[in-house]
Structures are given as structure tokens and as C-alpha cells.
Amino acid sequence: MVDVSRRDFVALGAVLAGAASASGLGVKEVRAAQGGNGFLAASSAGPDGAGDGRDKGPGLQGIHALCEVTGGGEKVYGIAVEYDVDIDPVSLAIETYAAAVFPAAAGFFAGMPQEPDKNATSGPATLRAVAAIYTNAEPALRPDRRSVAGRFVISEFQHDPDLSLPTTDSDKVALAQNRNVRTVSGSVYGATGTVWTNAGRRGNSAVIRGVDAWEQNHWWWDDARSAWLEYSIYLPKSFLEEGGENKAYPLVLAITHSGTSYDGTCAQTLTEQCIASIWSLPEEQDRHECVIITPRYERTTMNDYWEHTYDVENTYRLVESLLSNTWNYGNPNLDDRRDKVLTIDPNRVYCTGWSMGAMTSLWLMAKHPETFAAGLIIAGQQRPSDVVTLAKQKVLIITGTDDDKATPWNEKCVPVWEDAGGKVTRPAERLDPALIFPINDQKALTDQIGSYLSEGSNITFLTFKAVDHMGSARKFFYINAARDWLFKQAKG
């Protein structure tokens, strides 16, 4: 990690400390990037400059937080600095900017019920070292960290390879240009010392990789029963291309946990943890292109007494409606999806979830065995007598040794499934969670899991040592072998 100079840190820190003590950062030294409304920045008043409609003139136009949803919640991975024209990357240096991130509000822990708004923070911004700097045509990180022609300068931070660590970030950021920047035409934009934030009248301008492409706030409804269910949907890139409606897509139903119910929003189901959003990451879609839906519940759908609300069956009705191949509710304001009818491959419908979402997934698979090709169940449990039909289905269950509900209850299900004719692989070995991260170095873990999956059982039940219930959500969705296994399954 390359450090910004101590002098820059001190200078920016002094300004930020004063700014943070003011209400809403409303002090002279701080200029808010106009436009953007937080989660929806990419599709409304965001990087393309809807803003307040004012001409800012030449130079720096605004900044955008570049975020990633991890197992530990949403984290700020960098800042995109927007100019009016393309910038010459040769003029950039690590020390060009001093950058900072505001901490999440006190008491915030991603995924917990009734948590405070993470952006309702009173703490001062914390300076963060810039690890790489380059230009881009869009406000986004580049995996190769190399410059391409564009008007956005990307100040990228170092990322911790352990994606399960809980976030401490809000999505408020601040930045000061401390060195001159040159445009491709030769003009020089001088250092000013002005501190910019990404705060705007409608929220913070943030770009969330793999998440901004989702359509939120859809409703499935049944007028005959006066029933409805809110959900978000991810539409594959190829569907949005010309002729994409002629292709049939796998469907992943990703059900989140009770912590995103109650006062939760569609945005929270996608950003509090990676249960749904991991499937929409560009690199994941390159490997396993699919449609993804995730419901947003107003209450806990299934409790520890095995009781459930009508939202469980409504979730199945939502899946059923997509399988009817009549879904044509894509954003009517976007030409690439307006009036297109979505086609789902009925042989490749998958179910996944964590905690309450895993319990709901088990229930849906047990009650509708004809629908789902396979299920990836992370730290969920059911009463054995209610899930006997899973004995004939394809299920991969993953728990932790320190989970005192999911692990023992699934142990009780094993003999029930075997008595019903199911073949179950339940190794005595407890796997090592240290093998999960970094995610691009999982060969040992893949070989280990692959050996169990190759036994040909329809149910495989794996447990990692020293992982508790909360830790399972933060870690286990990153197991490449588990996600790959899911997409290899098909009915018939």
C-alpha cells in the first residue's frame, strides 16, 4: 500500500474535522458533488451530470464513491473524480489527491435488524491511502488498474482479501486535489485545496459494482387474493441486447435473512450482505449468466418454531409467474428492456439463501419439488418431518461448527433423508475457512469439496470449523466450488 504524504493527510484532516462538525457538511470549504441519489446514482442524477443543472465550468465536476458489496457489507473501494474533459494519465501521481471515507454511524452492523442508517454519521472522515490511480471512461474500478481514455480519474484503495470482515464504511467520501492535473489537450487544472464530498440533495453519489444494474421495487401481485410481494430483479446483459428475449435463462431465487425485513428496503437486500448481489457481479455473470430475483419482506417469513407467513407461498407464486414466460415489466424508460418478454429455462431454476432465507429455501424446495433443479443452503434448518421430499432432490448444505441451530438440525435430517431413499454425503472432516480467502486462490478448497461432490450423492452436507451463524453468511457464498456446483445441476 502506498501512503499519501503526511503533510497532505494533516491538511485534509484539519479541513475534514471542521467540516464534519458542521451540520450536513455545510461549510464553505466543502463542495458537495451535485447529483446522484445514493443507490440509484447510476440510473438517475449520477455520473452523467443531471445534478442541479448548473454549468460548473471547466475542471473538477464532482466525486463518486466506488463501492463493493462484500460478505461483511458494502465497502468503499475507491473514489471516481469527475472532470469535464478527458484527463492525461501521465499527469497523475499517487499524491495527486488526498482521499477520505466517513465511518458508518455508531451501532451500524450490516444485516442486523433495526440498525441505524449507516450514513447518519457524526464521526469525522478517516483518511485512506490511495493504492492506484488511473483514468477511465466511466466511474468504475478497473481490474488491471490501467488507464484508458476518459474524464474520470480513479483513486483506488487497497482491498482486504478477506471479504468477510465487517464493514465500517458509510458511502460518504471526501477528496481534495493537491497537485495539478493536465487534460489531454494540454490545459492544466491547478490544485486548489478545496475539499469535495459526494453528498447531494438527494443522497450520496455512489456507484455499487454489480448492484446498480438491478431493477428494484418491482411487485408481484394477485388481485384475486389481494396479495403482493416486493422484489428486485437482475436482467442479464445478453437479454438487454437485441434479440435477447429469444434466449432462455437460468433463474436464481436468492432469499435474504430476517435482518433485512421490518424497516428494510430493496436496496438493503442487495447491499447489507452478498447473498443476492454476488450472483450479479460481472465476473460471476461471465461464468454463470442468469436472471436473479430477491424478495423484500416486511416481516420475518419463517421463525424458529417452524411457523411461516403467507410471504413464503407468495415467493413461490413469484417464481411461478416468471416460469410462465410472460414477464415484461422491465423499466419502460429504457429501450433495451421495454416490452421485452423474459424466458426462463424451466430445467434450471435454483434456490439459495442464508438463515431465514435458507429455511425458506428448504421449505419451498420440499413443498414444490417439481420446480427447483438444486438448492445451495447456507446455515438454514428445517424440522425433519417437513423436508422428507428433499431426499430425492439436489441440495448442498453448508454450516459452521459454532452454529448451534443449523448444524444440529441438519444432522437430525440426515437419517430421515436416508430412510426416504436419499443418498447423503456427510463427511466427518470439518473444513478450514482459511481456505476461502483470497477468493482467487481456492484450489485446495475446490479439490476438497470436489472430492465430496464427486461421490454422486443428491444431498451433500459440509461443515466448516470454528464458524458461527453470522460468520457463515460472510464467508460461505464465496466458495467457488459451491456456486459452480449449483449451475451444473439441471432437471431431467
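Just so it is clear, the model here is predicted, and its values are computed rather than measured.

Definitions and limits used
Residues numbered from 1 in each chain as written. Predicted model: local features only at pLDDT ≥ 70, side-chain atom pairs only at ≥ 80, totals over all residues. Heavy atoms only, no water. Helix = DSSP H or I, 4+ residues; strand = E, 2+ residues; numbered from the N terminus. Buried < 20%, exposed > 50% of the residue type's maximum accessible area, 1.4 Å probe, protein only. Contact = heavy atoms within 4.5 Å. Areas by Shrake-Rupley, 256 points an atom, 1.4 Å probe, with all protein chains shown as cover. Pairing = 2+ DSSP bridges. Phe/Tyr/Trp six-rings, centres within 6.5 Å; stacked < 30°, edge-to-face > 60°. Lys NZ or Arg CZ within 6 Å of the ring centre and 35° of its normal. Axes fitted to C-alpha atoms, helices over the stretch in contact; angles between N-to-C directions. Left-handed = near helix turned anticlockwise from the far one by under 90°. Nonpolar A, V, L, I, M, F, W, Y, C, P; charged D, E, K, R; others polar. Polar contact = N/O pair within 3.5 Å; in protein donor to acceptor, adjacent residues only side chain to side chain. Core = buried A, V, L, I, M, F, W, Y, C linked by side-chain atoms within 4.5 Å. pLDDT = per-residue confidence, 0-100.

**Q** Lay out the overall build of the chain with the relevant residues and their values.
**A** Looking only at helices and strands, one finds 10 helices and 23 strands in the chain. Each of the 492 residues in the chain was classed as buried or not, and the buried ones make up 57%. Within the chain, contacts between residues separated by at least 24 positions form 71% of all contacts whose residues are at least 6 apart in sequence. As displayed, the chain has an accessible area near 19900 Å², and 50% of this comes from carbon and sulfur atoms.

**Q** Tell me about the pairing of strand 8 (residues 169–177), and name the residues and values.
**A** Counting buried positions along strand 8 gives nine out of nine residues, so the element sits mostly inside the fold. Burial along strand 8 is two-sided: the face carrying D169, D171, V173, L175 and Q177 and the face carrying S170, K172, A174 and A176 are both buried. In terms of strand pairing, strand 8 meets strand 11 (residues 195–197) through three bridges, oriented antiparallel. Paired with A176 across the two strands is V195, which belongs to strand 11.

**Q** Give a description of the packing of aromatic side chains that names residues and reports values.
**A** For any pair of aromatic rings, geometry is given as the distance between the ring centres together with the angle between the planes. Counted according to the given criterion, the structure contains 10 aromatic pairs. Taken together, a centroid distance of 5.8 Å and an interplanar angle of 65 degrees make the contact between W221 and Y329 edge-to-face. Here the residue W221 occupies a position in strand 15 (residues 215–222), and Y329 occupies one in the loop between helix 5 (310–323) and strand 19 (343–354), the gap between them amounting to 108 residues. The exposure class assigned to W221 is partly exposed, which follows from its relative accessible area of 43%. Classification of Y329 by relative accessible area gives partly exposed; the value is 43%. Clustering of aromatic rings is evident, with ring pairs tying together W221, W327 and Y329. The positively charged end of R426 is found above the aromatic ring belonging to F461, 3.6 Å away from the centroid.

**Q** Now, about the packing of helix 5 against helix 6 (residues 356–367): what can you tell me, with residues and values included?
**A** Put simply, helix 5 and helix 6 touch, their axes get as near as 10 Å, and they point 65 degrees apart. In the packing of helix 5 onto helix 6, the handedness of the crossing is right-handed. Every residue of helix 6 that contacts helix 5 at V312, T315 and Y316 is listed here: T360, W363 and L364. Grouping the amino acids of the contact of helix 5 with helix 6 by side-chain chemistry returns four nonpolar, two polar and no charged.

**Q** Go over the environment of R225, please, and point to the residues and values.
**A** Looking at where R225 falls in the secondary structure, it is placed in the loop between strand 15 and strand 16 (227–234). Here R225 falls in the partly exposed class, since its relative accessible area comes to 37%. Excluding residues within four positions of it along the chain, R225 makes contact with W220, N314 and R317. There is a polar contact of 2.6 Å between the side chain of R225 and the side chain of N314.

**Q** Tell me about the pairing of strand 16, residues and numbers included.
**A** Burial analysis of strand 16 places seven of its eight residues in the buried class, which makes it a mostly covered element. Of the pairings in the sheet, the one linking strand 15 to strand 16 comprises six bridges and is antiparallel in character. Bridge pairing links D222 to A227 in strand 16. Hairpin connection, strand 15 to strand 16: the antiparallel pair is bridged by four residues, and S226 has positive phi, about 50 degrees.

**Q** Can you lay out the nonpolar core for me, pointing to particular residues and giving the numbers?
**A** V81, Y83, Y97, W279, I398, F464 and I479 are the most contacted members of the largest nonpolar core, which has 72 residues in total. Core analysis: the second largest hydrophobic core is formed by 48 residues, F239, V291, W363 and V424 among them.

**Q** Go over the sheet that holds strand 17 (residues 248–255), please, and point to the residues and values.
**A** Strand order in this open sheet of nine strands is 15-16-18-17-19-20-21-23-22, and the pairing throughout is mixed. With partners counted over all chains shown, the strands left at the sheet margins are strand 15 and strand 22 (424–425), one partner each. Pairing of strand 17 with strand 19, which is carried by seven bridges, proceeds in the parallel orientation. In the strand pairing of strand 19, A248 is matched with T343. Of the strands in this sheet, strand 15, strand 16, strand 17, strand 18 (291–296) and strand 19 are in contact with helix 5, which crosses strand 16 at around 55 degrees. Relative to the sheet, helix 8 (residues 443–453) contacts strand 21 (395–400), strand 22 and strand 23 (459–464), its axis offset from that of strand 23 by approximately 145 degrees.

**Q** Can you explain the sheet that holds strand 2 (residues 60–70)? Please cite residues and give values.
**A** Taking strand neighbours across the sheet as the criterion, the five strands line up as 6-7-3-2-14 in an open arrangement whose pairing is mixed. Each of the sheet's edge strands pairs with one partner strand only, and the pair in question is strand 6 (130–136) and strand 14 (206–208). Strand-to-strand twist in this sheet, taken as the mean axis angle between neighbours without regard to direction, amounts to 25 degrees. Direction of pairing for strand 6 relative to strand 7 (residues 152–157): antiparallel, over a ladder of six bridges. Its bridge partner lying in strand 7, V130 is registered against F157.

**Q** Lay out the confidence of the model for the chain in plain terms, naming residues and giving numbers.
**A** Residues with a pLDDT of 70 or more make up 88% of the chain, whose mean pLDDT is 89. Across residues 17–54 the pLDDT falls below 50, and counting only partners more than four positions away or on other chains, this stretch makes 81 contacts in the model.

**Q** Give a description of unusual backbone geometry that names residues and reports values.
**A** The linkage connecting F437 with the following residue, P438, adopts the cis geometry, with an omega of 0 degrees. Residue position: P438 is located in the loop between strand 22 and helix 8. Phi at N217 is positive, roughly 60 degrees, even though this residue is not glycine. By secondary structure assignment, the location of N217 is in strand 15.

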